[in-house]
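Residue-level structure breakdown
Here are the chains, one letter per residue:
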Amino acid sequence: MRLSNYVLASVICCPAAFANLLGPSYPPPRDLSSSHSRVADSWKNLTSKLNTVLADNRTNKTSGIYELKNLTFSAGLFSSLDPNAKDLQFHHTASEVAKSPVGVNKVDGNSIYKVASVSKLFTVLAGLIELEPREWDLPLTEIFPFLAEHVRKQRNKFRLVYDVQWDKITLRSLAGQMGGIPHGATEEFLQTFLLYKYLENSPNPALTDPKFYGLPPLNESDLTLWPSCIGQQIQGCNPVSWDVAYAPRPPVYLPWTSPEYSNGGYIFLGLAISNLTGKAMDEWYSDSIFEPLGLKSTYSSSPDNSTRPHSVTSEALDEQFVPDGGVTNPSGGLFSTTNDLSKLGIALLNSTLLPSEKTQEWMKPITHTSSLRYSVGSPWEIHRFVHAGSGVVTDLYTKLGDSGFYGGIVVVIPDFDAGFTLLSASTQASRSSETLLAIDLIVDALLPALMEQAALEAAQKFAGTYKAEDLNSSLTLTVVPPTQPAPGLKITSWISNGTDITGLVPTLLGGPGARLVPSIIIEQATGGIAFRAYTATQNRGPGVGSSSSLFSSFYDLGDWTMLDQLTWGGIATSLFVFDVEGNGTAKFLTPGAYRVKMARN
């Protein structure tokens, strides 16, 4: 029988240089916390350096890590495979909090911070749990009658550049920052300092004078020019509800045109969840997330006085810690701790609250930005970390919070079944930049260490020679280290039923330099892990920023289009299935198309 009857498509005719597939190079590491782990070692080095620098009281230290001295912050790792990873934490208490007569004086994993826009992560997750799938695609005019009436009144004088298409905007577009609606943060500079002039006692009166900025005067008696009173301390504010006051503002983009960060979208999302479920906001947060995960120190409104001994605050910080944000809480008003956010991160990795396929669907980009290393999800801010040496890309699914005196981040790294959190507080104007510096320090220490640890464990648990019991078939695997351009497992010897086919590996697996990487990490019922073999990137040609050969170099980047095409009897030659023990160590290997199980020696 002719080979072509069985081989449905061959990669022999295709170029030999391909891009890396999306996903991990090795199975995720299971040891992040022991004294032998590269991750624990890197964390120890980072935190030792932080302790040394932040304990230095010399006043001439004014840059770099020393800038973190006035920032109170708490950071911690988490892993779905290593429960002890949660013990890798670092906490620094700045003098502002350490000397405060109110709140905690030394922060730890149970200290309560306001989490700012990290709240959006809770809001979307709660919505995914509480709402029916069809409700995510309802136009807002079907959820909010006043918006339907607003659109009806504007119909005869509607102008796209001045009037939001509320009947075209859905909850899905709001969650993905694709609604195009106004930003909606009433604390923004132009609103508070210029249009509404509530800083009448400013030491520089010119800052509250529109003429200083070349702006025309406004009729201050017209309350439609003022923000809603909800959550505001502005004298003479508009007494109508937030959503009614917000509705007439001009759009930024048309729906689904371009990403544009909108706090207002998440306020509407929170209101919509309440409208559609008939539950109060505190109730649906508690029912869907807080109670199932046991988040005892996470709050959807200002915590009561019993929490004060654990709250990260001071007399100055209280200005933003104590007031309840009301309808703005789904956008940025929640409170939590390092330990609770770690529980949330593990729950996301384990799909504890959602079916796994729904979690996978959720943790994907909705749109790109103009940066090749930054995409947007719901509500994910997706940063693309490029590993030195290999060029492998690891996607970080993050939600940053950054507002006033408080900020933080949750970072989920699916490729490693791990992540970290950081929460911060300070009345210093530099709080935001200092928080981002601390996050960068953790990323730069953690990501290479995770890759190194994954490679070490792959060598221990997958490398070696596999032999069949009744056939002269064997296969030897080694680990390509993460410092090389094609990290993963490499076949160095392959005998199939007495035939040495090592020299045919490039033909069978897509070209020279073929490697095996995980494609289906774990199948709980059988303990199986699937790997796929493909040819790694070699000569990619023009780099980022060059439009030369954009389409003629398609196959340099198109291995995802060729995967699974070379088959024998309906099973691809690229499929390799490992049977693993509970600790992730491989016992058997089955090259799928060859239909023979080989035991690891």
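The name given to the chain in an unreviewed UniProt entry is Beta-lactamase-related domain-containing protein, and the organism recorded there is Penicillium hordei.

What to know about the environment of Pro-591
With respect to the helices and strands, the residue Pro-591 is situated in strand E20 (residues 586-591). The class of Pro-591 is buried, set by a relative accessible area of 2%.

Quick look at a nonpolar patch on the surface
Taken together, the side chains of Phe-158, Leu-160, Val-161, Tyr-162 and Leu-254 present a nonpolar region at the surface, about 460 Å² in accessible area. Exposure remark for Leu-254: the relative accessible area of 38% places this residue in the partly exposed category.

Focus: the pattern of salt bridges
Between side chains of opposite charge, a pair can form as their charged atoms come close. Counted by the stated rule, this structure contains 13 salt bridges. Of the charged contacts, one joins Arg-308 and Asp-318 as a salt bridge, the two residues approaching to 2.7 Å between their closest N and O atoms. Here Arg-308, found in the loop between helix H9 (281-293) and helix H10 (318-321), pairs with Asp-318, found in helix H10; they are ten residues apart in sequence, far enough to count as distant. Close ionic contact of Glu-361 with Lys-358 constitutes a salt bridge, the shortest N to O distance being 3.8 Å. Here Lys-358 and Glu-361 lie together in helix H13 (residues 356-362), a separation of three residues that amounts to about one turn.

With respect to the nonpolar core
Counting residues in hydrophobic clusters, the biggest one holds 66 residues, and the most contacted among them are Phe-122 and Trp-166. Apart from the residues lying within four places of it in its own chain, the contact partners of Phe-122 are Tyr-285, Ile-289, Phe-290, Leu-295, Thr-298, Leu-334, Leu-341 and Leu-344. One finds Tyr-26, Phe-531, Ala-586 and Met-598 within the second-largest nonpolar core, a separate group that totals 65 residues.

Here we look at the environment of Asn-263
The residue Asn-263 is located in helix H8 (residues 263-277) in this model. A residue is classified by how much of its surface remains accessible, and Asn-263, at 11% relative accessible area, is buried. With 86 residues separating them in the primary sequence, Asn-263 and Gln-177 have C-alpha atoms 9.0 Å apart.

Reading guide: rules and limits
- Residues numbered from 1 in each chain as written.
- Predicted model: local features only at pLDDT ≥ 70, side-chain atom pairs only at ≥ 80, totals over all residues.
- Heavy atoms only, no water.
- Helix = DSSP H or I, 4+ residues; strand = E, 2+ residues; numbered from the N terminus.
- Buried < 20%, exposed > 50% of the residue type's maximum accessible area, 1.4 Å probe, protein only.
- Patch = residues over 30% accessible without salt bridge, like charges linked within 9 Å, V, L, I, M, F, W, Y side chains within 5 Å.
- Areas by Shrake-Rupley, 256 points an atom, 1.4 Å probe, with all protein chains shown as cover.
- Salt bridge = Lys/Arg side-chain N within 4 Å of Asp/Glu carboxyl O.
- Core = buried A, V, L, I, M, F, W, Y, C linked by side-chain atoms within 4.5 Å.
- Contact = heavy atoms within 4.5 Å.

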